[in-house]
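Survey of secondary and tertiary structure
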Amino acid sequence: KHTWEAPGREFSVIFLAQSLLPELKGACITMHSTQGAALHRYATLGSYAFLRQRQGCAGAMTPKRSTFIRPEPQLYAAASPSRHYAGRRTFLEVLAAKGFGDLLAARQGSKKPSGEVRKRLIKGQLAPPAFVPLDIDLPPYAKTKQNPPYTEKYEVHDEEGIKKMRAAGKLAKEVLDYAGTLVKPGITTNDIDVAVHKMIIDNGAYPSPLNYGGFPKSVCTSLNECICHGIPDTTVIEDGDIINVDVTVYLNGHHGDTSRTFIVGKASDEAKRLVQVTKEALDKAIEVCGPGVPFKEIGKAIHNHADANKLGVVRNFVGHGVGKVFHAGPAVLHYRNNERGKMEVGQTFTIEPMLTLGSTRERYWKDNWTAVTEDGSWTAQFEHTLLITPDGVEILTAYE
């Protein structure tokens with residue numbers, strides 16, 4: 001959101017052209033003057049923005065020379081104001097977002113479910129590191145806490161690799177099912193971590209998040225406004241919360257990754273809708289998957305469903321290739337995009353959309369892991385590990 005005060009009835013959009021457009025390709029933009037209620041919607045075309053005007057009224061913005069904003073100074077002038085607006089200070093306000101649902105969220109500002117809800121999250125106390133038996137097979141980063149360099153090279157599994165991926169996905173799903181039974185008012189997120197850690201170890205696997213880049217716990221628990229990577233601690237889960245539990249297991253040298261957002265007790269209708277629509281967005285994305293399908297179809301399916309339900313799509317966290325390596329290519333974008341790349345038989349990756357009631361931007365806590373919405377708006381996420389098959393797609397972490 002950007003606001004400038006105009007010295008008169010003319011507005012220079014050089015700031016918009018030079019500062020906003022390079023990072024907002026494909027964005028929806030609205031512009032209006034405080035002198036009138038008229039809104040102007042832009043849809044960027046490459047490095048340009050095309051103005052689509054609505055019916056004019058007093059104080060409406062009209063292009064002085066051209067309907068294109070180009071990367072050089074241009075002036076837009078307000079129509080002759082009525083006497084009601086005479087002498088008032090005038091401002092130009094620009095709201096921009098990459099999707100109509102995000103644009104609406106930006107205009108509405110911070111949004112939490114209505115009714116009594118808890119205050120914003122604060123960091124709790126961490127418990128000591130969990131013990132991992134010596135006979136458990138460890139991923140390369142488990143002892144060093146140093147991740148291998150990220151690579152866009154993706155894995156295509158042979159029959160043996162597919163068998164191991166199915167086993168890892170099945171265990172991850174079972175652990176997540178169990179974690180879901182623990183979600184209730186009064187327990188702490190650390191309680192979930194302890195139980196998840198034990199179940200994974202008891203099944204001869206390693207909890208993939210533990211020590212990944214120094215992450216201190218065995219599962220991610222993200223409450224309410226936490227987008228992802230919430231670290232389990234002494235935070236108590238309350239009635240009406242929503243919580244995403246993200247489980248990844250390392251079994252027989254392969255990772256299985258899945259997450260789900262659970263509703264705690266009697267949540268508001270808005271919270272329930274957020275969770276339901278996010279689940280539907282994942283389902284719709286999976287439906288388009290298959291051999292030869294462009295990865296960009298995933299983002300299109302998710303973004304369309306989010307827009308239809310006036311929810312925002314988080315962009316800075318993506319799905320990813322998964323297999324012998326926890327995170328690798330391809331990066332699976334959850335929003336509309338023109339990235340190249342098509343799905344191949346034997347390929348495994350995750351889809352994990354994060355939708356919000358308000359802002360789609362994140363801010364990090366000092367732990368450099370916990371990412372929360374910048375305005376405290378609530379968010380939900382669902383994730384599956386998928387395998388591309390000759391006939392379509394197999395959900396390796398499927399649940400009923």
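Above this text sits the structure in question.
Attention here is on the structure that accompanies the text. (Residues numbered from 1 in each chain as written. Predicted model: local features only at pLDDT ≥ 70, side-chain atom pairs only at ≥ 80, totals over all residues. Heavy atoms only, no water.)

**Some thoughts on the overall build of the protein**
Quick reminder of the rule: Put simply, DSSP H or I for four residues or longer makes a helix, DSSP E for two residues or longer makes a strand, and each gets a number counted from the N terminus. We call two residues in contact whenever any of their non-hydrogen atoms come within 4.5 Å of each other. Under the convention used here, a 1.4 Å probe and the Shrake-Rupley method define accessible areas, while residue burial counts only the protein chains that appear.
Tallying secondary structure elements over the protein gives seven helices and 24 strands in all. Within the protein, contacts between residues separated by at least 24 positions form 70% of all contacts whose residues are at least 6 apart in sequence. With an accessible surface of roughly 18400 Å², the protein has 51% of that area assigned to carbon and sulfur atoms.

**Structural notes on the pairing of strand 24 (residues 392-395)**
For the record, the criterion: In short, DSSP must find at least two bridges between two strands for them to pair.
Across four bridges, the pairing between strand 23 (residues 384-389) and strand 24 is antiparallel. When the sheet's bridge partners are listed, I388 is paired in strand 24 with V393.

**Here we look at the nonpolar core**
The cut-off we apply is this: Here, nonpolar core means buried Ala, Val, Leu, Ile, Met, Phe, Trp, Tyr and Cys residues that are tied together by side-chain atoms lying within 4.5 Å of each other. Relative accessible area decides the class of each residue, using a 1.4 Å probe on protein chains only: under 20% of the type maximum gives buried, over 50% gives exposed, and in between gives partly exposed.
Grouped together as the largest cluster of nonpolar side chains are 32 residues, with contacts concentrated most on L274, C289, I298, M343, F349, I351 and L355. Counting only elements with at least two residues in this core, the list comes to helix 6 (269-287), helix 7 (296-308), strand 18 (348-351) and strand 23. Here this core takes eight residues from helix 6, the largest share from any one element. Residues in contact with I298, not counting those within four places in the same chain, are A285, V288, C289, V332, L333, M343, F349 and I351. Counting 26 residues, the second largest nonpolar core, distinct from the first, contains C226, V245, V247 and F262.

**Remarks on the packing of helix 4 (residues 159-182) against helix 5 (residues 189-202)**
Stated formally: Note on geometry: axes are C-alpha line fits, over the in-contact stretch for helices, and angles between N-to-C directions span 0 to 180 degrees. Reported orientations rely on four angle classes, namely roughly parallel under 35 degrees, roughly antiparallel over 145, roughly perpendicular from 65 to 115, and oblique for the rest. For a crossing to be left-handed, the near helix must be turned anticlockwise from the far one by less than a right angle; the clockwise case is right-handed. Just so you know the grouping, Ala, Val, Leu, Ile, Met, Phe, Trp, Tyr, Cys and Pro go in nonpolar, Asp, Glu, Lys and Arg go in charged, and all remaining residues, Gly too, go in polar.
Contact geometry for helix 4 and helix 5: axes closest at 10 Å, N-to-C directions at 150°. Put simply, helix 4 runs roughly antiparallel to helix 5. Relative to helix 5, helix 4 is oriented so that their crossing is right-handed. Mapping the contact onto sequence places E174, V175, Y178, A179 and L182 in helix 4 and I192, A195, V196, M199 and I200 in helix 5. Residues of the contact of helix 4 with helix 5, tallied by class, amount to nine nonpolar, no polar and one charged.

Everything listed here is a matter of geometry and, on its own, says nothing about what the molecule does.
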